[in-house]
Amino acid sequence: MTNKIRFPDGREVDIQDVIGFLYGLSRSDVEVLHVLTCKGEKMSTEDLAEALKVTKASISKSINNLLYKGLINREKVTEDEKRKGRPAYVYWVNKEELYERVIADMISLANTMKNDFKAHVQLAVVPA
């Protein structure tokens with residue numbers, strides 16, 4: 001299974017890089033999204049930090065960005081009600097929702113590009 005998109009000129013780009021570009025994600029954001037998508041299960045920041053071999057602090061910024069952009073889901077862990085301190089959360093990706101969102105946004109981007117490029121080409125042509 002390939003994770004690359006081939007352009008008409010033969011260049012190949014990783015699908016994760018395209019998603020990162022589409023949503024303005026950092027490399028760390030893309031890696032967190034990728035792990036959550038591939039694992040297909042709810043994960044804590046500890047789980048993510050262990051999977052990516054980074055600190056929990058470095059995961060937090062990516063989690064917040066992905067939540068803000070609506071690309072991942074969050075659920076408060078309620079099984080440990082007597083726990084003191086900050087509430088614990090788990091994060092996950094609804095693969096079907098993510099797929100539909102990315103496809104819709106790519107179609108919207110293609111339409112915007114088409115219209116903007118058409119206007120650009122028309123402006124570039126100077127009548128004689």
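Let me sum up the structure you'll find in this document.

Conventions used here
- Residues numbered from 1 in each chain as written.
- Predicted model: local features only at pLDDT ≥ 70, side-chain atom pairs only at ≥ 80, totals over all residues.
- Heavy atoms only, no water.
- Helix = DSSP H or I, 4+ residues; strand = E, 2+ residues; numbered from the N terminus.
- Buried < 20%, exposed > 50% of the residue type's maximum accessible area, 1.4 Å probe, protein only.
- Contact = heavy atoms within 4.5 Å.

## Describing the environment of valine 30
Among the secondary structure elements, valine 30 is positioned in helix α2 (residues 27-39). The buried category is assigned to valine 30, whose relative accessible area is 5%. For the pair valine 30 and serine 62, spaced 32 residues apart in the sequence, the C-alpha separation amounts to 8.3 Å. Sequence-distant contacts of valine 30, that is, excluding residues within four places in its chain, are made with Gln16, Gly20 and Leu25.

## Looking at the environment of methionine 43
Take methionine 43: it is sitting in the loop between α2 and α3 (45-52). On the accessibility criterion, methionine 43 (4% relative accessible area) is buried. Spatially, the C-alpha atoms of methionine 43 and tyrosine 91 are 5.2 Å apart, while their sequence positions differ by 48 residues. With residues up to four places along the chain from it excluded, the contact list for methionine 43 reads Val35, Leu36, Leu48, Ala51, Tyr89, Val90 and Tyr91.

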